[in-house]
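# Residue-level structure breakdown
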Amino acid sequence: MKPNSGTLVINIMNGGKAEAYEGIYQCTARNERGAAISNNIVIRPSRSPLWTKEKLEPNQVREGDSLVLHCRPPVGLPPPIIFWMDNAFQRLPQSERVSQGLNGDLYFSNVQPEDTREDYICYARFNHTQTIQQKQPISVKVLSMDSLNDTIAANLSDTDIYGAKPVTERQPVLLTPTGSTSNKVELRGNVLLLECIAAGLPTPVIRWIKEGGELPANRTFFENFKKTLKIIDVSEADSGNYKCIARNILGSTHHVISVTVKAAPYWITAPRNLVLSPGEDGMLICRANGNPKPHISWLTNGVPIAIAPEDPSRKVDGDTIIFSDVQERSSAVYQCNASNEYGYLLANAFVNVLAEPPRILTPASKLYQVIANTPALLDCAYFGSPKPEIEWFKGVKGSILRGNEYVFHDNGTLEIPVAQKDSTGTYTCVARNKLGKIQNEVQLEVKDPTMIIKQPEYKVIQRAGQVSFECTIKHDPTLIPTVIWLKDNGELPDDERFLVGKDNLTIMNVTDKDDGTYTCIINTTLDSVSASAVLTVVAAPPTPAIIYARPNPPFDLELTGQLERSIELSWIPGDENNSPITNFVIEYEDGLHEPGVWHYQTEVPGTQTTVQLKLSPYVNYSFRVIAVNEIGRSQPSEPSEQYLTKAANPDENPSNVQGIGSEPDNLVITWESLKGFQSNGPGLQYKVSWRQKDFDDEWTSVIVANVSKYIVSGTPTFVPYEIKVQALNDLGYAPEPSEVIGHSGEDLPMVAPSNVQVHVLNSTLAKVHWDPVPLKTVRGHLQGYKVYYWKVQSLSRRSRRHVEKKILTFRGNKTFGMLPGLEPYSSYKLNVRVVNGKGEGPASPDKVFKTPEGVPSSPSFLKITNPTLDSLTLEWGSPTHPNGVLTSYILKFQPINNTHELGPLVEIRIPANESSLILKNLNYSTRYKFYFNAQTSVGSGSQITEEAVTIMDEGKMAGILRPAVGAGKVQPLYPRIRNVTTAAAETYANISWEYEGPDHASFYVEYGVAGSKEDWKKEIVNGSRSFFVLKGLTPGTAYKVRVGAEGLSGFKSSEDVFETGPAMASRQVDIATQGWFIGLMCAVALLILILLIVCFIRRNKGGKYPVKEKEDAHADPEIQPMKEDDGTFGEYSDAEDHKPLKKGSRTPSDRTVKKEDSDDSLVDYGEGVNGQFNEDGSFIGQYSGKKEKEPVEGNESSEAPSPVNAMNSFV
């Protein structure tokens, strides 16, 4: 049990079992006057038992049938909360068809194929023990009619008649409760839950009614898709028959639940404490109700009254104890117990037999203040036994108060319903019983009500105008009113345009936002009044242009009401120059101390032309006024007459007094001196006083001139002093100053921290501990501790280096600190020093500690050289920071294909003393990605990555420029397109480029007008060629072009710019109309016709001729047509001298033109496939005379030339 308390604490956290404390507890409180007892307190330990093991068979159900999955949770205390989930811990969806019952079972009104699953899991959550128990998963398989028919068909012959009946609709049948009727008992005040779940197809709908009555409104709720009826706070009136009706399109069924509401005992009249005086009579009444009717029993001081000591003054009569002619020994605590089978009630009542003269508890001479014509309540709280009688008198010798103008309350309070001014006075309360009399006086003051004698009025104002609301009040002179202005029942905007005066509100430069209702509220401590008015803002009529300017300076300044510390200044405003004056600034000049220097004094709103100014003694004042509007400030007014105030004692003392020693044996006292007129008189000096704190020494004082520092010498080191500085002048001293605490000078600490210990937490972090130094040895303000630490050497390299000390400062009186950023596998030293305001103390002895090994940094470099078809050479450097003893290197690598997908990863462990490695058996022309890192015994360090490519196979190099002989550098890690060149004509351009990267790349060309913001146009390049012809270009136009590769995001060449040739349309028209041109064309046509005839004749004779003979037969050159797809000219050479042939038109010897045979007519005379393309995209072919045409693979598609094409080419 807690000390001085009745609380019993049962703590099982330190051992013991909760079951050992199970039982019924009751508390008894006892003193010499009796004993009171508490209700029974039942303690039961919570339980969350495991599920009993059971063998669950799979449920196979036909589609449309009903199904119940039983949960049967273990019985716990308190009962568990049940819910159904699947293996993924997702709640199973519930609906009108599928729902959980109150008992936790899962009910299916009809099953559907989607109900098939193997993870119906019932969970029981025991909230008190915060545990969840899980039942074994239940499997449900729904046999649909289609699958059932297939199964039957597989087992019957073709001649058998088979087939399951289709899903048939069924009328409702109740799954729970069973039968046609059932009974339910519930206790008064509890929640009544009634449940009906039905099977059927379609899914039935549930409806509830109460036979012979209505369901209680506001207390009835439907849950679980109306399958559960919930009535809260039930009473006996809720007893009756409740019918649930389940209905679908085929019919209905119902069930009647007879509900009986029982009641645990509840109070009608609980016994109350009773105070009696000797000889008086009284009674205790204990009345309770319940169903069944509760039994009433009495106890006295916790003992059944039947066996308690007899008391002739009491008599028990059922639920009442009657007391007559009680005596002081009759005092006791009585308990009333009302119980039935559903519960019990217990109440304590103290019967106190007491003889006590009257006492008045209300404070004497208490003052009550009320407003006239309101009620006044005068308290007279009293106590006594027998109960005193209360009487009220007014005045010292007044008569007793009676009549309808007063109300006398049972608690002694006197109420005056309507207090008037003449009700003010002294009222006397008298309390008397047979043991004595006492009286008390209170004061009543009736105040005049607060009134608004001039309320704000409705105003209409133009924009940019000025408006004022008045609110003049009358109030009791003894009450202090406060005035609050509201706009639209909210606070006024935080705007300088709103000026609140004593009895008015002024709004300057009105805007549309100022439109609204303005309310004036006056509050006093006793009452509150308010009044409102509406402001309407309208547009100002058009006016001629107004010239705005600064206001003219005020004039006619006048000083009145001269006093020692105040004066009134008034003035006349100058012209505001069409911009209202917003405020006036008042400045003053001190002709005695600072002649010619003007200081800011105060400022007032622009509507005010007088101000009460506060003055300081011993100042020769002159004042001037400056007017301000939105344009600016006016010139200052002429100065007022001078006014010299009388000298006086200083009103204040210096501020910011401090005592800080500059040396170990002194105390420097400093302060901020008074300024100018703060001296209040001539002869300003300071009295500096000090004494050592916590000693009873007398103050040591010295008077100094008007300075701000005094040094006290010969003080002990770092001792606290009480200090005060007082101002004085020729007329006397300022008020007594407040004391401040200062310290004499600090000295360096005397001792070093001891017991320094280092705990290495990991390879880069250590924790250092030390014992604090005694505060007396600090000899100053303890600022903290400094830890000096430095690396002595690396344990892996055994090499010393320049010592760089690091310092960490730990503020305050800390005794430990963390040292971060240490280097692994190293030897360190440290020491600790204490720091005060003077500096650092001596260092502690150096402490040596070592950090363990860590993971190494990445290798310093990784180079990949000497690529071959199937090997690469790797060279590397050891880690810059090994952080321990290297045990090995780990190399991982994997191939990368053309789409940047990674292949399988290979891992190799390399001894730590190696620095190079030749990787063999690699794939040719393949890019590899390498991951390389070092290891210590602790683990692997960060890795470095590189990529490299093995060189290409010789067979794959055909048609591609080979690398220079002897090249030992690794090929570029990424593909690239470079050396983009253009050869432009009027309407087309030949684009060529160089490509480095994987084989089988597909290219595209993007182009557009240079300097244009239009999107790039894109042309796809057929095959893997490295040239392309752009057609349809505009003559005389600058274009931009770039080349990219398909499938490689962002892989493009740099841009190139070219310009097409100027248009020649007019010249061509002129040539076509010339006679010589027409004649020439006819000759060319005739020659072509003769050539065709000769070819035809030779073919008919079966003869074939080589290219050489064709060249001899046609000595005059002809223009060869340009290839349609790329615009280049074909070139070929003699097999013997390799001289370029003249360009000319060529036609196959068989006089046929086939698309599949006309890829390039020159290949027909070449040797195999040795033709290749130059960088400019032109074809280089070698040919020799052949008897027969060899079959070749087509390279580029082009149409056979014709006479018409030849003519066009010539043009």
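None of the values given here were measured: they were computed from a predicted structure.

A few words now on the overall build of the protein chain. The helix and strand inventory of the protein chain stands at six helices and 88 strands. Buried positions account for 38% of the 1211 residues belonging to the protein chain. For the protein chain, the proportion of contacts with a sequence separation of at least 24, taken over those separated by at least 6, is 64%. Of the accessible surface of the protein chain, which amounts to about 67900 Å², a share of 51% is contributed by carbon and sulfur atoms.

Spatial ordering of the open sheet is given by S50-S51-S54, a layout of three strands whose pairing is antiparallel. Across the chains shown, the open sheet's two edge strands, defined by having one partner strand only, are strand S50 (555–560) and strand S54 (610–614). Averaged over all pairs of adjacent strands, the angle between strand axes in this sheet comes to 25°, irrespective of strand direction. Looking at chain direction, S50 and strand S51 (residues 566–572) are connected through four bridges and run antiparallel. Across the sheet, residue Leu 559 finds its bridge partner in S51, namely Leu 569.

Attention shifts here to the pairing of strand S10 (residues 117–126). In terms of residue burial, S10 counts as a mostly covered element, since seven of its ten residues are buried. Inspection of the sheet shows strand S7 (residues 81–85) paired to S10 by five bridges, in the antiparallel sense. Along S10, the bridge assignment pairs Met 85 with Ile 121. From the end of S10 to the start of strand S11 (residues 131–134), which pair antiparallel, there are four residues, and Gln 130 there has a positive phi angle of about 55°.

What follows deals with the sheet that holds strand S8 (residues 98–100). Here we have three strands laid out as an open sheet, ordered S6-S9-S8, and antiparallel in their pairing. Edge positions in the open sheet fall to strand S6 (67–69) and S8, since each of these has one partner strand only. Adjacent strand axes in the sheet meet at a mean angle of 15° when their direction is disregarded. Bridge count between S6 and strand S9 (residues 106–108): three bridges; the pairing is antiparallel. Considered in S9, the bridge of Leu 69 is made with Leu 106.

A few words on the pattern of salt bridges. All chains considered together, the criterion is met by 33 salt bridges. Here Glu 823 and Lys 791 are joined by a salt bridge, their closest N and O atoms 2.4 Å apart. Placement of the pair is Glu 823 in the loop between strand S69 (816–819) and strand S70 (826–835) and Lys 791 in strand S67 (residues 784–794), with a sequence separation of 32 residues. Overall, Glu 823 belongs to the partly exposed group, its relative accessible area being 25%. For Lys 791, a relative accessible area of 12% translates into the label buried.

The linkage connecting Leu 201 with the following residue, Pro 202, adopts the cis geometry, with an omega of 0°. Counting through the fold element by element, Pro 202 comes out in the loop between strand S16 (197–201) and strand S17 (205–210). Cis geometry marks the peptide bond from Ser 385 to Pro 386, where omega comes out at 0°. Inspection of the secondary structure assignment puts Pro 386 in the loop between strand S34 (382–385) and strand S35 (389–394). Even without glycine at this site, Asn 301 takes up a positive phi of about 55°. Looking at the secondary structure, you find Asn 301 in the loop between strand S25 (295–300) and strand S26 (303–304). With relative accessibility at 24%, the residue Asn 301 sits in the partly exposed group. Notably, Tyr 618 is not glycine yet its phi reads approximately 60°, a positive angle. As for its placement among the helices and strands, Tyr 618 is situated in the loop between S54 and strand S55 (620–628).

So, on to the pairing of strand S66 (residues 766–771). Side chains Ala 766, Val 768 and Trp 770 project from S66 onto a buried face, and the interleaved Lys 767, His 769 and Asp 771 project onto a face without burial. Where strand S65 (residues 754–760) and S66 come together, five bridges link them in antiparallel fashion. When the bridges of S66 are listed, Val 758 appears paired with Val 768. As paired strands, S66 and S69 are joined by four bridges and run antiparallel to one another. Following the sheet pairing, His 769 is matched in S69 by Phe 816.

A complete count under the given rule lists 21 aromatic pairs for this structure. With a centroid separation of 5.4 Å and 50° between ring planes, the pair formed by Trp 770 and Tyr 785 is classed as tilted. A residue pair is termed long-range when its members are at least 10 positions apart, and Trp 770 in strand S66 and Tyr 785 in strand S67 qualify at 15 residues. Overall, Tyr 785 belongs to the buried group, its relative accessible area being 0%. A ring pair is formed by Tyr 889 and Phe 932, whose centres lie 5.3 Å apart and whose planes are at 15°; its orientation type is stacked. With Tyr 889 in strand S74 (residues 888–896) and Phe 932 in strand S77 (residues 927–935), this pair connects stretches of sequence that are 43 residues apart. The same class applies to Tyr 889 and to Phe 932, which are both buried. Three or more aromatic residues link up through ring pairs in this structure, and these residues are Phe 83, Phe 89 and Tyr 123. The aromatic ring of Tyr 120 is capped on one face by Arg 117, whose charged end is 5.8 Å from the ring centroid. For the cation-ring pair, Arg 1042 lies above Trp 1016, with the distance from its terminal atom to the ring centre recorded as 3.9 Å.

This paragraph deals with the state of the cysteines. In the structure shown here, the tally under the stated rule is five disulfides. Paired by a disulfide, Cys 196 and Cys 244 hold their sulfur atoms 1.8 Å apart. Classification of the bridge connecting Cys 196 and Cys 244 rests on its S-S torsion, roughly -70°, and on that basis the disulfide is left-handed. Highlighted residues: Cys 196 in the loop between strand S15 (192–195) and S16 and Cys 244 in strand S20 (residues 240–248), separated in sequence by 48 residues. As far as burial versus exposure is concerned, Cys 196 and Cys 244 are alike and both buried. Here Cys 471 is linked by a disulfide to Cys 520, with a sulfur-sulfur distance of 2.0 Å. Of note, the bridge from Cys 471 to Cys 520 carries an S-S torsion of about -75° and is left-handed in sense. With a gap of 49 residues between them, Cys 471 in the loop between strand S42 (467–470) and strand S43 (472–474) and Cys 520 in strand S48 (residues 516–523) connect regions that are remote in the sequence.

Locating Thr 1060 in the fold gives a position in the loop between strand S85 (1056–1059) and helix H3 (1065–1072). Exposure remark for Thr 1060: the relative accessible area of 3% places this residue in the buried category. Among the polar contacts listed, one links the side chain of Thr 1060 to the backbone nitrogen of Gly 1036, at a separation of 2.9 Å. Beyond its immediate sequence surroundings of up to four residues, Thr 1060 is in contact with Ala 984, Ala 985, Glu 986, Leu 1033, Thr 1034, Pro 1035, Gly 1036, Thr 1037 and Tyr 1039.

Low-pLDDT portions of the prediction should not be read for the details of their coordinates. Confidence in the prediction for the protein chain averages 83 pLDDT; 84% of positions are at 70 or higher. Within the model, pLDDT remains below 50 along residues 158–163, and this stretch shows seven contacts once partners closer than five positions in the same chain are excluded. For the stretch residues 955–973, pLDDT sits under 50, and the model shows 27 contacts to residues farther than four places along the chain or on other chains.

Further remarks concern the environment of Arg 402. Checked against the element boundaries, Arg 402 lands in the loop between S35 and strand S36 (407–408). For Arg 402, a relative accessible area of 58% corresponds to the exposed category. A sequence separation of ten residues divides Arg 402 from Trp 392, and the C-alpha atoms of the two residues are 8.6 Å apart.

Of note, Phe 695 is situated in the loop between strand S59 (685–692) and strand S60 (700–704). Given a relative accessible area of 45%, Phe 695 falls into the partly exposed group. Phe 695 sits 26 residues away from Tyr 721 along the chain, and the two C-alpha atoms are 9.6 Å apart.

Let us now look at the side chain of Asn 831. Position of Asn 831 relative to the elements: it lies in strand S70. Judged by relative accessible area, Asn 831 falls into the buried class, the value being 3%. Here the side chain of Asn 831 touches Asp 846 through a polar contact of 3.1 Å, side chain to side chain.

Together, Leu 1086, Leu 1087, Leu 1089, Ile 1090, Ile 1093, Val 1094, Phe 1096 and Ile 1097 make up an exposed nonpolar region whose accessible area comes to about 720 Å². By secondary structure assignment, the location of Ile 1090 is in helix H4 (residues 1075–1100).

Quick look at the environment of Lys 387 now. For Lys 387, the location among the structural elements is in the loop between S34 and S35. On a C-alpha basis, the gap between Lys 387 and Glu 356 in space is 9.0 Å, while along the polypeptide they are 31 residues apart. Here Lys 387 is in contact with Tyr 382 and Asn 433, once residues within four sequence places are set aside.

Cut-offs applied
- Residues numbered from 1 in each chain as written.
- Predicted model: local features only at pLDDT ≥ 70, side-chain atom pairs only at ≥ 80, totals over all residues.
- Heavy atoms only, no water.
- Helix = DSSP H or I, 4+ residues; strand = E, 2+ residues; numbered from the N terminus.
- Buried < 20%, exposed > 50% of the residue type's maximum accessible area, 1.4 Å probe, protein only.
- Contact = heavy atoms within 4.5 Å.
- Areas by Shrake-Rupley, 256 points an atom, 1.4 Å probe, with all protein chains shown as cover.
- Pairing = 2+ DSSP bridges.
- Axes fitted to C-alpha atoms, helices over the stretch in contact; angles between N-to-C directions.
- Salt bridge = Lys/Arg side-chain N within 4 Å of Asp/Glu carboxyl O.
- Phe/Tyr/Trp six-rings, centres within 6.5 Å; stacked < 30°, edge-to-face > 60°.
- Lys NZ or Arg CZ within 6 Å of the ring centre and 35° of its normal.
- Disulfide = S-S within 2.5 Å.
- Polar contact = N/O pair within 3.5 Å; in protein donor to acceptor, adjacent residues only side chain to side chain.
- pLDDT = per-residue confidence, 0-100.
- Patch = residues over 30% accessible without salt bridge, like charges linked within 9 Å, V, L, I, M, F, W, Y side chains within 5 Å.

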